[in-house]
Amino acid sequence: MSRQPGNSIIREYSLYLAWLVALVATASSLYLSEVLLFEPCRLCWFQRIFMYPQVILLGIAAYRDDRSIIRYTLPLNIIGGLIALFHYAEQKIPGLSDIAPCRVGVPCNVDYLDWFGFITIPLMALVAFILIMVFLLIGREKPEEEELLEEDSEYNKAESL
């Protein structure tokens with residue numbers, strides 16, 4: 001089975017791409033809160049807790065080409081993505097904010113941004129978490145060519161003995 005060249009490039013640079021998404025998401029959230037002075041709500045803070053460490057973890061892993069980091073960062077993305085999904089639902093579904101209302105600071109159902117009627121900050125965070133997960137899942141697999149080369153080298157070693 002032949003693979004398309006684009007898949008191998010994405011697979012090869014998947015850690016860098018995941019790191020880039022985490023970096024842009026972190027820089028964007030800091031820009032929104034520190035430059036535009038949008039005060040983060042409680043759910044925003046939880047999403048930040050799961051996004052910010054990934055800039056460091058994925059950056060080191062990308063530099064060292066350490067794909068073992070994937071199993072450690074996937075839970076951060078799954079949990080952060082679920083929080084972002086709940087936060088988005090809380091903003092878009094009336095009455096959901098009554099279930100677990102934010103009692104301190106900015107209410108979680110407030111939309112600072114609402115582009116085209118559906119793009120909000122929690123949706124952008126959810127997309128970032130999903131993109132990182134996709135890049136990490138693509139990057140965890142070995143390309144078929146590498147597997148074939150490993151099998152050939154093992155076969156040659158066994159024959160030489």
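One structure accompanies this document, and this report is about it.

Criteria and thresholds
- Residues numbered from 1 in each chain as written.
- Predicted model: local features only at pLDDT ≥ 70, side-chain atom pairs only at ≥ 80, totals over all residues.
- Heavy atoms only, no water.
- Helix = DSSP H or I, 4+ residues; strand = E, 2+ residues; numbered from the N terminus.
- Expected span 1.5 Å × (residues − 1).
- Buried < 20%, exposed > 50% of the residue type's maximum accessible area, 1.4 Å probe, protein only.
- Arc of directions from axis to C-beta.
- Patch = residues over 30% accessible without salt bridge, like charges linked within 9 Å, V, L, I, M, F, W, Y side chains within 5 Å.
- Areas by Shrake-Rupley, 256 points an atom, 1.4 Å probe, with all protein chains shown as cover.
- Salt bridge = Lys/Arg side-chain N within 4 Å of Asp/Glu carboxyl O.
- Core = buried A, V, L, I, M, F, W, Y, C linked by side-chain atoms within 4.5 Å.
- Contact = heavy atoms within 4.5 Å.

## Concerning helix α2 (residues 14-35)
In this model α2 runs 30 Å from its N-terminal to its C-terminal C-alpha over 22 residues, within 8% of the 32 Å that 1.5 Å per residue would give. For α2, the full list of buried residues reads Ser14, Leu15, Ala18, Val21, Ala22, Thr26, Ser29, Leu32 and Ser33. For α2, the angular spread of buried residues about the axis comes to 135°, placing them on one side. In α2, the exposed positions that point more than 90 degrees away from the buried face belong to Glu34 and Val35. Within two residues after α2, Leu37 carries a phi angle of roughly 60°, on the positive side.

## Considering the environment of Leu30
Relative to the elements of secondary structure, Leu30 occurs in helix α2. Under the relative-accessibility criterion, Leu30 is labelled partly exposed at 36%. With 18 residues separating them along the chain, Leu30 and Arg48 place their C-alpha atoms 9.6 Å apart.

## Comments concerning a nonpolar patch on the surface
On the surface, Ile9, Tyr13 and Tyr16 cluster together into a nonpolar patch covering about 310 Å² of accessible area. Ile9 gets classed as partly exposed once you look at its relative accessible area, which sits at 48%.

## Focus: the nonpolar core
Formed by 30 residues in total, the largest nonpolar core has its most connected members in Leu15, Leu58, Ile132 and Leu136. Among the secondary structure elements, those contributing two or more residues to this core are α2, α3 (42-64), α4 (70-92) and α5 (121-140). Sort the elements by how many residues they give to this core and α5 lands first, with nine residues. Setting aside anything within four residues of it in sequence, one finds Leu136 in contact with Leu15, Ala18, Leu58, Ile70, Thr73, Leu74 and Asn77.

## Re unusual backbone geometry
One non-glycine residue, Asp65, adopts positive backbone phi at about 50°. Residue position: Asp65 is located in the loop between α3 and α4.

## A look at the pattern of salt bridges
All told, the structure shown has one salt bridge when counted by the stated rule. For the salt bridge of Asp65 with Arg67, the shortest nitrogen-to-oxygen distance reads 3.6 Å. You can call Arg67 partly exposed: its relative accessible area is 27%.

## Quick look at the environment of Gly81
One can find Gly81 in helix α4. Note on Gly81: relative accessible area 5%, which makes it buried. Considered as a pair, Gly81 and Phe50 are 31 residues apart in the sequence and their alpha carbons are 8.9 Å apart. Each residue touching Gly81, except ones within four places of it in the same chain, is listed here: Leu126 and Phe129.

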